[in-house]
Amino acid sequence: MTQNGGKIMTIIMILYYIICIYVTAMLLWNFIREKKSLDNMLHYLLVMIPLILRVFRIK
Amino acid sequence: MVLAYTVAKWRKLSVETSMLSAAVTGGLAGAFIRTPPIGELARHLVEGSFTYLDVILVFTTATIFMAIVSESGGIDYVVRGTIKYFYNFRLIVLLLLMFIILIPGALTGAGSVSILVVGAPVALAFGYLGISKRRAAAILFIVAGLSAAAPPVNIWAMILSAGTAIPYVGFELPLGIPVLILGTFTVLVLGWKRESSRDKESVLKDMPEVPGSMTWWKVLLPFLTFFGLISVYRIWPFSFPILGLSLQFVIAAIVALLVSPKRINILVLSRDTIKRLLPLLTTMIIVGMLQQIMTATGVRGLLSYAVISTPLILLFFLLALIIPFSEGVLTYGGAAIIGIPLIWFLDSIGFHATIAIAGLSLLWPLGDGLPPTALIGRLSVMVSKYEGSYWRFLRTTWLPWIVITLTGILMIIFSSKLEFLVRWSM
Amino acid sequence: MTSIWKIKIILLAVILAVTTMAGIQLYRHRHFQVPFLAGPGVTKVVSLSDYAKGLKGTMADTYVFFLEGKKEGGKALILGNTHSNEPAALLSSLIFLENAVMDKGTLIIIPQFNNSGSRSTRPGDGYPLYFDISTPWGKKTFRMGNRDASPVDQWPDPDVYIHYPDRMLLSFLDVRNTNRTWPGRADGPLMEQVTFGAMEIMKHENVDIAIDIHGAETMFPVTNCIVAPDKSMRIATMTSLIIKAKEGFESHVEPSPSKFRGLSHREIGDYCDTLPFLLEAPLPFLDQPTGPKTVDLLLDGKDPFLLSLSKKKKLFVPYDENGWPMANRVGQHCSVILELIRQYSRKKPDRAIKIQNVPRYADVIKNGVGFYFQDPLKKDKKNIYYN
């Protein structure tokens, strides 16, 4: 097995996008469930910013 | 920026939101003189949020991994075993626990990984050894910090080496020897005294029940998977693909899930873990934004200029404050802003760069206990379930803190005399 | 709708607006195309992926320009933007591309060596996205890139980068740094494939000398210099002496450290017959203790903090109120490259390389960098390559 053999690096990169989507979904779930803390609502959204732009391959 | 932070704190906003308001205010103030232009402010904030994206993914995946191990009863099982076999050999058990904390951080360069992976079981073990939660948190914080400085991977040293074009070689002894001595000193000073005395049988009786089907290999297998994946890349770097820490934790988490004797709802567990991690994740995002705004406005350059302009003798005294505080405010950003020009300067006047970098990288982890970020400090408090004042916890570390500071500064001052450590490492 | 949901929607709208605004700017930056105009000397244009197949269809692929003389001779390779936040390298290589005419031998130019890095920004460092160079026909806009390749093209990083083939441990970031991934591999991470492609060019084309252009901080000891391994040392030393005597500027010689792996000036010389040289010109914009990171600082290199540090003798280059303008840096690179090639040609007359029509240090300072760039609107479209 080589590092790029069989496009392994591409598959690994796709797995990272899946990790990002999973974490974003968990953040969104918490954001929807949050009932009290305005701070927490803002924080869930802030953490989502780089994850979303990475998933869209913008940055 | 400082004013905005103070006002936000006074309005009882969280540390993270107060830092965000400092970043936004700094950017708006800078926009008056087009540094940065107002149209670029959003881009700077968003771009800054990427600074520690990979660190955020590592934190998240590592914590979910440990949450699975904990939920399956693995942590309780390990702690029970440690107490059962080593309860009456205090020196051995303390050194053993120290090595357990040192290994993950030494391999990954992140003290936070040490805390996230082994912090909870080690803190529990400390508790059963009669060490208070406050002292347990203090040991975890200092030793996890030292683990990040320990070879083979020291991220501060790597950032400084990359930024100063000094090869990242010869650090094994200059970092390894002080880390082992200071780690042993810390666990003995903070952990030797038994604050509550109980016999082994009553301790074992009080410990949480472990699922009957839990075995050593079920606990070990996920960890062996994680360390195995790290080791395989080290041994066969040119034939094994680069997985990255996050994916390595995900694979270990899947193994932990498969061998767990209990059924675990992974979605609910992930959701709750991320909720628990939120302050840390937000801190990493906002520190990146703050760092970007400080650079775009010139504030970062001003701070760097102030450090470089300080007379040498005074600088040596101030390092004890400047280095940890730069880490507290900017985490790894401090190494780039202050460390790189400092090493160039010291190198040019005859100090040995490798030893000076090693000395400095003993001081940086101390800053991981200082606000506003206090990354490792907060994690240590979290996993050891200490609920008292944060400052009381931090005060507990005073003696190891001073000894580490003195060691680091003396290493810098006498760097040219300690050059043999670099030679012996190569 | 409850008040909690109203707050949530307002917060979501604000964050979405900020993210979208920034996202559009970052997307445009990544996809912004700079026209490279093939000058009168260009005889062949290929892609780096012709030498490293794995690069095909990726953002790491880049153009390779050949300027072949009518007479046979030696071959020289110029690499620009190995680090895309050191733009004097790109501008210098474009001056060669748009103006050089070969009398003898061949010149190979890769102006945007780390193409992925040039399409990325540097989080935490507050760079501008673009910079303009004034020309007689208007402004030519360039992307301001990053030192390392974009994680959108190569992700994830390892916890520590183990250099191929020497196994030296390097910072995890260096896996995306095309001046740490030499000599590279055909099947390694993307940036190792980039350097592998360049090594293949040098081996297949029998390149005699390779020149990798950079910029470095004024507080960095290895600045304003030619870095060379033992095998290139004589030519570097002669070049340094001649330009000091004839053109009046300093560019001293620094030896390439043998234990520091992955750098072009080390690995090219160790893994093929080509003589490598790495050029550094001072780049105040990269220094840590500067004011805001503006386009002005990037172009004129004037900074009050650096001026003050210079008076305290903490810089490694002379620095006064004039800063260190882009024209000086680009002019310096042009002259050093021409002199390196001349010195090599003197040493190996059978492999001589003769170039005409490239300005030297004094010319670039007098006329400005933009004077040497052609107007894309007046150029035949088939000679324009967007990179």
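Residues numbered from 1 in each chain as written. Chains lettered and ligands numbered in written order. Predicted model: local features only at pLDDT ≥ 70, side-chain atom pairs only at ≥ 80, totals over all residues.

*Asks:* If you had to explain the overall build of chain B to someone new, which residues and values would you point to?
*Replies:* The helix and strand inventory of chain B stands at 22 helices and zero strands. Its C-alpha atoms give chain B a radius of gyration of 22 Å, near enough to 22 Å, the size a compact globule of 426 residues would have. For chain B, the spread of C-alpha atoms along the three principal axes comes to 65 × 50 × 50 Å. The burial tally for chain B puts 61% of its 426 residues in the buried class. At a minimum sequence separation of 6, the contacts of chain B that also span at least 24 residues come to 82%. (Helix = DSSP H or I, 4+ residues; strand = E, 2+ residues; numbered from the N terminus. Rg over C-alpha atoms; globule rule 2.2 N^0.38 Å. Buried ≥ 20, exposed ≤ 12 C-beta atoms within 10 Å, placed from the backbone. Contact = placed C-beta atoms within 7 Å.)

*Asks:* Residue-level account of the domain arrangement of chain B, with values.
*Replies:* Residue and element names in this part refer to chain B. Assigned domains of chain B: these are domain 1 (1-48) and domain 2 (52-425). Between the C-alpha centres of domain 1 and domain 2 the distance comes to 30 Å. Between domain 1 and domain 2, the residue contacts involve 16 residues of the former and 17 residues of the latter. Sorting the residues of the side of domain 1 that touches domain 2 by element identifies helix 2 (15-31) and helix 3 (41-48) as the ones contributing at least two each. Per-element tally for the side of domain 1 that touches domain 2: the top contributor is helix 2, with nine residues. Of the residues contributing to the side of domain 1 that touches domain 2, the split by class is eight nonpolar, six polar and two charged. (Domains from an automatic or database assignment. Nonpolar A, V, L, I, M, F, W, Y, C, P; charged D, E, K, R; others polar.)

*Asks:* How would you explain the interface of chain C and chain B if you had to name every residue and give the values?
*Replies:* With 43 residues of chain C at the interface, the matching set in chain B holds 53 residues. Of all the elements in the fold, those that place two or more residues in the side of chain C that touches chain B are helix 1 (3-31), strand 9 (169-170) and helix 8 (304-311) of chain C. With six residues, the single largest contributor to the side of chain C that touches chain B is helix 1 of chain C. Residues that form the side of chain C that touches chain B fall into these classes: 24 nonpolar, 10 polar and nine charged.

*Asks:* Mind laying out the interface of chain A and chain B, listing which residues take part and the relevant values?
*Replies:* Listed as interface residues are 25 residues of chain A and, on the opposing side, 26 residues of chain B. At the level of elements, helix 1 (8-33) and helix 2 (38-55) of chain A are the ones that each hand at least two residues to the side of chain A that touches chain B. Tallied by class, the residues present in the side of chain A that touches chain B amount to 17 nonpolar, five polar and three charged.

*Asks:* Break down the packing of helix 9 (residues 155-164) of chain B against helix 17 (residues 333-348) of chain B for me, with residues and values.
*Replies:* Residues and elements named next belong to chain B. With their axes 9 Å apart at the nearest point, helix 9 and helix 17 run at an angle of 55 degrees to one another. Between helix 9 and helix 17, the crossing angle belongs to the class labelled oblique. Classified by chirality, the crossing of helix 17 by helix 9 is right-handed. Packed against helix 9, whose contacting residues are W156, I159, L160, G163 and T164, the element helix 17 presents A335, A336, G339, I340, I343 and W344 at the interface. A per-class count over the contact of helix 9 with helix 17 returns eight nonpolar, three polar and no charged. (Axes fitted to C-alpha atoms, helices over the stretch in contact; angles between N-to-C directions. Parallel < 35°, antiparallel > 145°, perpendicular 65-115°, else oblique. Left-handed = near helix turned anticlockwise from the far one by under 90°.)

*Asks:* So what's going on with the environment of D287 of chain C? Residues and values would help.
*Replies:* Residues and elements named next belong to chain C. Residue placement: D287 occurs in the loop between strand 13 (275-282) and helix 7 (295-300). Spatially, the C-alpha atom of D287 lies 8.4 Å from that of F220, the residues being 67 residues apart in sequence. Aside from chain neighbours lying at most four places away, what touches D287 is E217, T218, M219 and L306.

*Asks:* Tell me about the nonpolar core, and please be specific about residues and values.
*Replies:* Ranked by size, the top nonpolar core spans 285 residues in total, and within it F65, I101, L140 and V143 of chain B together with I78, L107 and I211 of chain C carry the most contacts. Residues lining this core come from more than one domain, with at least three contributed by each of domain 1 (1-48) and domain 2 (52-425) of chain B. For I211 of chain C, the contacting residues outside a window of four places in its chain are A76, I78, L79, F277, L279, I337 and L340 of chain C. (Core = buried A, V, L, I, M, F, W, Y, C linked by C-beta atoms within 7 Å.)

*Asks:* For the environment of T19 of chain C, give the residues involved together with the corresponding values.
*Replies:* Inspection of the secondary structure assignment puts T19 of chain C in helix 1. Remark: the alpha-carbon pair of T19 of chain C and L48 of chain C, spanning 29 residues in sequence, is separated by 35 Å. Those residues within four positions of T19 of chain C in sequence are excluded, and the remaining contacts are I49, I52 and L53 of chain A together with V46 of chain B.

*Asks:* Explain the packing of helix 1 (residues 2-10) of chain B against helix 2 of chain B to me, using residue names and the numbers behind them.
*Replies:* All names here are of chain B. Put simply, helix 1 and helix 2 touch, their axes get as near as 8 Å, and they point 145 degrees apart. Seen from above, helix 1 lies across helix 2 with right-handed handedness. On helix 2, the residues that touch A4, Y5, A8 and K9 of helix 1 are T17, S18, M19, S21, A22 and T25. Considering only residue class, the contact of helix 1 with helix 2 consists of five nonpolar, four polar and one charged.

*Asks:* Break down the pairing of strand 6 (residues 130-135) of chain C for me, citing the residues and quoting the values.
*Replies:* All names here are of chain C. Two elements, strand 6 and strand 7 (residues 138-143), share six bridges in a ladder whose sense is antiparallel. When the sheet's bridge partners are listed, I133 is paired in strand 7 with K140. Linking two consecutive strands that pair antiparallel, namely strand 6 and strand 7, is a turn of two residues. (Pairing = 2+ DSSP bridges.)

*Asks:* Residue-level account of the confidence of the model for chain B, with values.
*Replies:* Across chain B, the average pLDDT comes to 89, with 100% of residues at or above 70. ipTM for the predicted complex: 0.95, alongside a pTM of 0.91. (pLDDT = per-residue confidence, 0-100.)

*Asks:* Lay out the environment of F65 of chain B with the relevant residues and their values.
*Replies:* Residue and element names in this part refer to chain B. You can see F65 is positioned in helix 4 (residues 53-71). Residue classification places F65 among the buried residues on the basis of 27 C-beta atoms within 10 Å. Separated by 24 residues in sequence, F65 and F89 have C-alpha atoms that sit 31 Å apart. Among all residues touching F65, those that are not within four sequence positions of it are F249, A252, A253 and A256.

*Asks:* Describe unusual backbone geometry, listing the residues and the values that go with them.
*Replies:* Looking along the chain, the bond that leaves T35 of chain B and enters P36 of chain B is cis, with omega of 5 degrees. Across the junction of P371 of chain B and P372 of chain B, the peptide omega takes the value 5 degrees, indicating a cis bond. Note that P372 of chain B resides in the loop between helix 18 (353-363) and helix 19 (375-384). With a phi close to 65 degrees, R167 of chain C is a non-glycine residue in the positive phi region. When you line up the elements, R167 of chain C lands in the loop between strand 8 (161-162) and strand 9. In this structure, K313 of chain C takes a positive phi of about 60 degrees despite not being glycine. Considering the arrangement of structural elements, one finds K313 of chain C in the loop between helix 8 and helix 9 (326-347).

*Asks:* Describe helix 8 (residues 133-149) of chain B, with residues and values.
*Replies:* Between its first and last C-alpha, helix 8 of chain B extends 24 Å over 17 residues, near the 24 Å set by a 1.5 Å rise per residue. Burial of helix 8 of chain B is extensive: 16 of the 17 residues sit out of reach of the surface. (Expected span 1.5 Å × (residues − 1).)

*Asks:* Summarise helix 7 (residues 111-128) of chain B; cite the residues concerned and give the values.
*Replies:* A bend of about 65 degrees at V118 of chain B is the largest found in helix 7 of chain B, and the proline P121 of chain B appears one to four places after it. Positive phi appears at G130 of chain B, one or two residues downstream of helix 7 of chain B, with a value of about 85 degrees. (Bend = angle between axes of the 7 residues up to and from the residue.)

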